[in-house]
Amino acid sequence: MTTQHFRAITQRACMIRQCVHMTTQHFDTITQRTCMIRQYVHMTTQHFHAITQRASMIRQYVHTIRWRAHVIQQRIRMPHNASAPPGGTPA
């Protein structure tokens, strides 16, 4: 094997090592980004769940308000003594 041949092999080996190093760094970057994306998806899922729970609470609250309004309207429409128990005072 000539010196030129040995140098060419050495240069090629050096290029391959550099390529492997760059590929490893690239893989590490992709792995880190994947981890960040997973964390973001997890946080977004939790946030969506919290919003869903809050929306459910608001729906229940609106339902309660509507029911109370209905009850109040019914009381307003009743004759004055209709809401009073027998022999008692109006509620």
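Residues numbered from 1 in each chain as written. Predicted model: local features only at pLDDT ≥ 70, side-chain atom pairs only at ≥ 80, totals over all residues. Heavy atoms only, no water.

A. Examining the overall build of the chain more closely. Looking only at helices and strands, the chain has one helix and zero strands in total. Across the 91 residues of the chain, 1% fall into the buried class. Of the roughly 9,000 Å² of accessible surface on the chain, 63% is carried by carbon and sulfur atoms. (Helix = DSSP H or I, 4+ residues; strand = E, 2+ residues; numbered from the N terminus. Buried < 20%, exposed > 50% of the residue type's maximum accessible area, 1.4 Å probe, protein only. Areas by Shrake-Rupley, 256 points an atom, 1.4 Å probe, with all protein chains shown as cover.)

B. Region of the structure containing a nonpolar patch on the surface. A cluster of nonpolar side chains, contributed by M1, F6 and I9, occupies part of the molecular surface with about 370 Å² of accessible area. Mapped onto the fold, M1 is located in the segment before helix 1 (3-77). Among the residues examined, M1 registers a relative accessible area of 74% and is labelled exposed. (Patch = residues over 30% accessible without salt bridge, like charges linked within 9 Å, V, L, I, M, F, W, Y side chains within 5 Å. Salt bridge = Lys/Arg side-chain N within 4 Å of Asp/Glu carboxyl O.)

Spatial relationships are all this shows, so hold off on functional conclusions.
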